[in-house]
Amino acid sequence: MMPELPEVETVVRTLEQQISQCQIRSVRVYYDKIVGDPKRFTDCLSGQRFRYFSRRGKYLLFQLDRNTLVVHLRMEGKFYIQDPREPLNRHIHVVFDLDNGMELRYMDTRKFGRMEVLPKELDLKNFHGLGPEPFDPIFDSEYVYAFLKRKKAPLKSVLLDQSFVAGIGNIYADEILAKIGIRPKMSARRLSKKKCEALVEAVQEILANSIELGGTTIRSYTSSLGVAGRFQTKCMVHLQKICPKCQREIKMVRVAGRSSYYCPHCQKS
DNA sequence: CCAAACCCCTGCATGC
DNA sequence: TGCATGCAGGGGTTTG
């Protein structure tokens, strides 16, 4: 569950394979709050084609002919391409009827996900107040050091702050901290320049590795092709009991309202 | 300016 | 067995 940047990237690539250039014939909305105004949403999208697929942070961006459809999957949002004869279940809230005879279905058990229709040209720099993409060259150790210097909050809270860097969620935050050997509660402004360099490397390496593997599958995540991610086999601390490095017990604390796993032996404060 | 608390939802675990 | 209770969690909003 919990699609983070690598999972969103996987969804983008998968949907691109499956529905690129497909036309939306019509849209059915079964739960209004996900799309805001369902009439505007439906009217706006009908007749347009999916032209280009991308991502900003954890937001999916579907470039259409006249608009961009923006989707945030939040906790449990998933897309499926299904035959219209396949019965709908009670967690499918939005259905796009496509001109290839299939349906793009949005399923979301907790109904936390959101969709919005925006102008075609987006200001991706300030989009939803997001900070830099993790692979953007401006996300470097100088940027990180300067940002962290003015934060006395726990380092993990800052990693989860999408205005610091876009796309990191609870799982990867734990893994990044494990990689640089820092405990989640350490005050952000105490991180040394050296550790800031390590942080940038860890963020990029962990996310890239996970994208490579097709995203994580902790709890229930599967891509829309139904392929389970394999990142979970790589988790050092998140949801773990024993540290794979030193064989000692993993501890769990709450930071910024999130369960945070770390190894007290391998990670320092 | 910043940070903490609250809200949205449902499935699942727990307790009696 | 069945019902009530409470918890997780991203990000927007509200409150301190």
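Since this is a predicted model, take the numbers as computed values, not measurements.

A.B. asks: Quick question: what am I supposed to make of the UniProt feature "domain: Formamidopyrimidine-DNA glycosylase catalytic" (unreviewed entry) in chain A here?
C.D. replies: Under the present numbering, the feature "domain: Formamidopyrimidine-DNA glycosylase catalytic" (unreviewed entry) in UniProt falls on residues 3-113. Secondary structure over residues 3-113 splits into 21% helix and 35% strand, and the C-alpha atoms at its two ends are 11 Å apart.

A.B. asks: Looking at this model, I keep getting lost on the sheet that holds strand 7 (residues 103-107). Mind explaining?
C.D. replies: Each strand in a sheet pairs with its neighbour through backbone hydrogen bonds, running either in the same direction (parallel) or in the opposite one (antiparallel). Across the sheet, four strands lie side by side as 1-6-7-5; this open sheet has antiparallel pairing. Two strands lie at the open edges of the sheet, namely strand 1 (24-29) and strand 5 (78-82), each paired on one side alone. The average undirected angle you get between the axes of adjacent strands in this sheet is 20 degrees. Sheet topology places strand 1 next to strand 6 (residues 92-98); five bridges connect them, and they run antiparallel. Across the sheet, the residue bridging to Ser26 is Asp97, located in strand 6. Strands in contact with helix 1 (residues 5-19) are strand 5, strand 6 and strand 7; relative to strand 5, the strand with the most contacts, it is inclined by about 20 degrees. Seen against the sheet, helix 2 (residues 38-45) touches strand 1 and strand 6 and runs at an angle of roughly 165 degrees to strand 1.

A.B. asks: When you look at the protein's contact with DNA strand B in this model, what are you seeing that I'm missing?
C.D. replies: Around DNA strand B, the neighbouring residues are Tyr31, Lys33, Arg90, His91, Thr109, Arg110, Lys111, Phe112, Arg150, Lys151, Lys152 and Ala153. A share of 69% is what sugar and phosphate atoms reach among the atoms of DNA strand B within 4 Å of the protein. Separating a phosphate oxygen of DNA strand B from a side-chain N or O atom of Arg90 is a distance of 2.9 Å. Between DNA strand B and Lys111 there is a distance of 2.7 Å, counted from a phosphate oxygen to a side-chain nitrogen or oxygen.

Calculation rules
- Residues numbered from 1 in each chain as written.
- Chains lettered and ligands numbered in written order.
- Predicted model: local features only at pLDDT ≥ 70, side-chain atom pairs only at ≥ 80, totals over all residues.
- Heavy atoms only, no water.
- UniProt positions renumbered as here; feature names shortened; annotations may be inferred.
- Helix = DSSP H or I, 4+ residues; strand = E, 2+ residues; numbered from the N terminus.
- Pairing = 2+ DSSP bridges.
- Axes fitted to C-alpha atoms, helices over the stretch in contact; angles between N-to-C directions.
- Contact = heavy atoms within 4.5 Å.
- Near = heavy atom within 4 Å.
- Polar contact = N/O pair within 3.5 Å; in protein donor to acceptor, adjacent residues only side chain to side chain.

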